[in-house]
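# Structural characterization, general
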Amino acid sequence: MRPLRWALLGASDIAASRMLPAIRGLGGEAAAVLSGSPDHARAYAAANGIERATTELDTALDGVDVAYISSHNPKHAEQARAALSAGVHVLCEKPITLDLREAVGLIHLSRQQDLVFAVNHHLPCSSVLRTLASMAREDAIGSLLGMRINHAFLLRERLRGWRLEDVPGGGVILDITVHDAAVIGLLREPPPATAAAQTVRQGPWPKGAPDAVMTVLRWEDDFLAQTHDAYTVPYNSSSIDIYGTEGSLHATDALTQDPIGDLQLRTSSGMSSVEVGERKDLYAVSVGAFTRAVTEGEAPAVSAIAGTQAVAVALAVEEAARSGRTVDVTDVARVLTLEAPNSS
Ligand code: NDP
């Protein structure tokens, strides 16, 4: 079979640093890159060995199989619609859109067009987190009571741009809490019933979007999840703890872009390390699953539905922090279930 030809919509850091190596490592070709700036598009294509540089969406999509969208967050929906309408499969960065109904409309469009539409959440591709979720689902720690996600780090200097700006798609919630929601989605389906949250602006930069948030999520069966997401914490190891009636699971250092981290199980027999299998590059896992979804009809690593549910949680957290109220997420989950009943 001929290699898949990819268009990069967005001349971004993540496309160059993580996705191009993964795409090429799996035999894909980078056919085009789209940027709003002609100079940036040309320089990016030259630096990364990409055939065609353009500022026109139609030109970028011409003759490609897949669009990988890693532009600014507010552009994701419009670019996904253009690609799907042009008959091109879409692997979109998180957050899939900033509007849930728009996401549902795009999911419908992908079905009408018989195209794969998936989200590039990397954390559900981690063998540590996959093992953690499957053990929790398969009763290794009894009935599930709650979980805590510690996802606080210091934002690297080169990333201190739009993430810190008080603009649509900026801030720690749509950047990091949405990742937590995708991880929680590995073990809890549907999304939580309610979300409560508080945000602050605590970093050593001009005040913009919230740069730290703590949330509490509650499910209808009284399972609770707590998250701490921050750009402001210089010395920390990320972690996830899941508590059950018969034991607990503890993952350390696994909320990263690299295939690292450890998993431990604590039960009445004591504490033991859990073998998590081969630690593959997370982006290669995502691109590999997406490629097989296109060529062999397998499921992608994170479907558009799962990505939309993660955004639903993030938007509820934003609303909870803004209003100071506990926000109902159930209605959102119901809308998604009614309007888009099958995963793509
Ligand atoms: P960047 O800030 O590197 O790029 C975002 C956009 O900024 C680009 O698409 C480009 O716009 C513009 N831009 C960047 N550099 C220049 C430049 N020198 N001149 C002109 N314009 C420039 O974003 P990230 O790579 O940090 O994030 C991109 C997307 O990927 C986001 O949606 C983010 O949420 C997601 N992401 C996902 C990660 C994951 O692990 N799944 C990790 C990191 C990010 P244009 O489109 O016009 O080229």
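As the structure is a prediction and not an experimental result, all values here were calculated from the model.

### Some remarks on the domain arrangement of the protein chain
Under the domain assignment used here, the protein chain contains domain 1 (5-122 + 283-299) and domain 2 (123-280). Look at where the C-alpha atoms of domain 1 and domain 2 centre, and you get two points 26 Å apart. Facing the 14 residues of domain 1 at the interface are 19 residues of domain 2. In this assembly, domain 1 packs against domain 2 so that about 1500 Å² is buried in total across both faces, 57% of it on carbon and sulfur atoms. When the buried area of domain 1 at its contact with domain 2 is split by residue, His121, His122 and Val285 rank highest and sum to 41% of it. A salt bridge links Arg158 to Asp13, with the nearest nitrogen and oxygen atoms 2.4 Å apart.

### Focus on the packing of helix H7 (residues 172-187) against helix H9 (residues 304-323)
The N-to-C vectors of H7 and H9 enclose an angle of 130°; their axes lie 8 Å apart at closest approach. Overall, the two elements H7 and H9 adopt an arrangement that is oblique. As H7 runs across H9, the sense of the crossing is right-handed. Residues Ile173, Leu174, Thr177, Val178, Ala181 and Ala182 of H7 touch H9, and the partners they reach there are Ala310, Val311, Val313, Ala314, Leu315, Val317 and Glu318. Among the residues forming the contact of H7 with H9, the class breakdown is eleven nonpolar, one polar and one charged.

### Here's the deal with the nonpolar core
Ranked by internal contacts, the top residues of the largest apolar core, which has 82 residues, are Leu9, Phe117, Leu129, Met147, Ile240, Ile242 and Leu263. Residue assignment places this core across two domains, with domain 1 (5-122 + 283-299) and domain 2 (123-280) each supplying three or more. In this structure, Ile242 is in contact with Leu132, Ala136, Ile141, Leu144, Gly146, Met147, Leu187, Gly247, Ser248 and Leu249, ignoring residues within four places of it in sequence. Membership of the second largest hydrophobic core comes to 27 residues, among which are Leu4, Met19, Ile23 and Val287.

### Focus on the sheet that holds strand E4 (residues 66-69)
An order of E3-E2-E1-E4-E5-E6 is seen for the six strands of this open sheet, with the pairing classed as parallel. Of all the strands in the sheet, just strand E3 (52-54) and strand E6 (117-119) have a single pairing partner and so form its edges. Adjacent strand axes in the sheet meet at a mean angle of 20°, parallel and antiparallel pairs treated alike. Both E4 and strand E5 (residues 89-92) contribute to a ladder of four bridges, which runs parallel.

### Points about the environment of Thr215
Position of Thr215 among the secondary structure elements: in strand E9 (residues 212-218). The class of Thr215 is buried, set by a relative accessible area of 1%. C-alpha of Thr215 to C-alpha of Ala182: the two residues are 33 residues apart in sequence and 15 Å apart in space. Once residues lying within four places of it in the same chain are set aside, the contact partners of Thr215 are Thr177, Ala196, Ala197, Ala225, Gln226, Thr227 and Val317. Here Thr227 takes part through its side chain, which lies 2.7 Å from a polar atom of the side chain of Thr215.

### Details of the site of the ligand
Around the ligand lies a shell of 24 residues, among which Asp13, Ser35, Gly36, Asn73 and Tyr283 are the nearest. Side-chain polar atom of Asn73 to an oxygen atom of the ligand: 2.6 Å apart, as the coordinates give it. Between the ligand and Glu93, the relevant distance is 3.0 Å, taken from a nitrogen atom to a side-chain nitrogen or oxygen of the residue. Look at the ligand: alone it shows 890 Å² of surface, and the protein chains cover 79% of it. Of all the cavities here, the one that holds the ligand is the largest pocket. A class-by-class count of the residues in the shell around the ligand yields five nonpolar, 14 polar and five charged. Composition of the shell around the ligand by domain shows at least three residues from each of domain 1 (5-122 + 283-299) and domain 2 (123-280).

Thresholds applied
Residues numbered from 1 in each chain as written. Predicted model: local features only at pLDDT ≥ 70, side-chain atom pairs only at ≥ 80, totals over all residues. Heavy atoms only, no water. Domains from an automatic or database assignment. Contact = heavy atoms within 4.5 Å. Buried area = accessible area lost by both parts, 1.4 Å probe. Salt bridge = Lys/Arg side-chain N within 4 Å of Asp/Glu carboxyl O. Axes fitted to C-alpha atoms, helices over the stretch in contact; angles between N-to-C directions. Helix = DSSP H or I, 4+ residues; strand = E, 2+ residues; numbered from the N terminus. Parallel < 35°, antiparallel > 145°, perpendicular 65-115°, else oblique. Left-handed = near helix turned anticlockwise from the far one by under 90°. Nonpolar A, V, L, I, M, F, W, Y, C, P; charged D, E, K, R; others polar. Core = buried A, V, L, I, M, F, W, Y, C linked by side-chain atoms within 4.5 Å. Buried < 20%, exposed > 50% of the residue type's maximum accessible area, 1.4 Å probe, protein only. Pairing = 2+ DSSP bridges. Polar contact = N/O pair within 3.5 Å; in protein donor to acceptor, adjacent residues only side chain to side chain. Near = heavy atom within 4 Å. Areas by Shrake-Rupley, 256 points an atom, 1.4 Å probe, with all protein chains shown as cover. 1 Å grid on protein atoms, 1.4 Å probe; cavity = no way out; pocket = protein on both sides within 12 Å on 5 of 7 lines; lining within 4 Å. Sits in = over half its atoms within 2 Å of the grid points.

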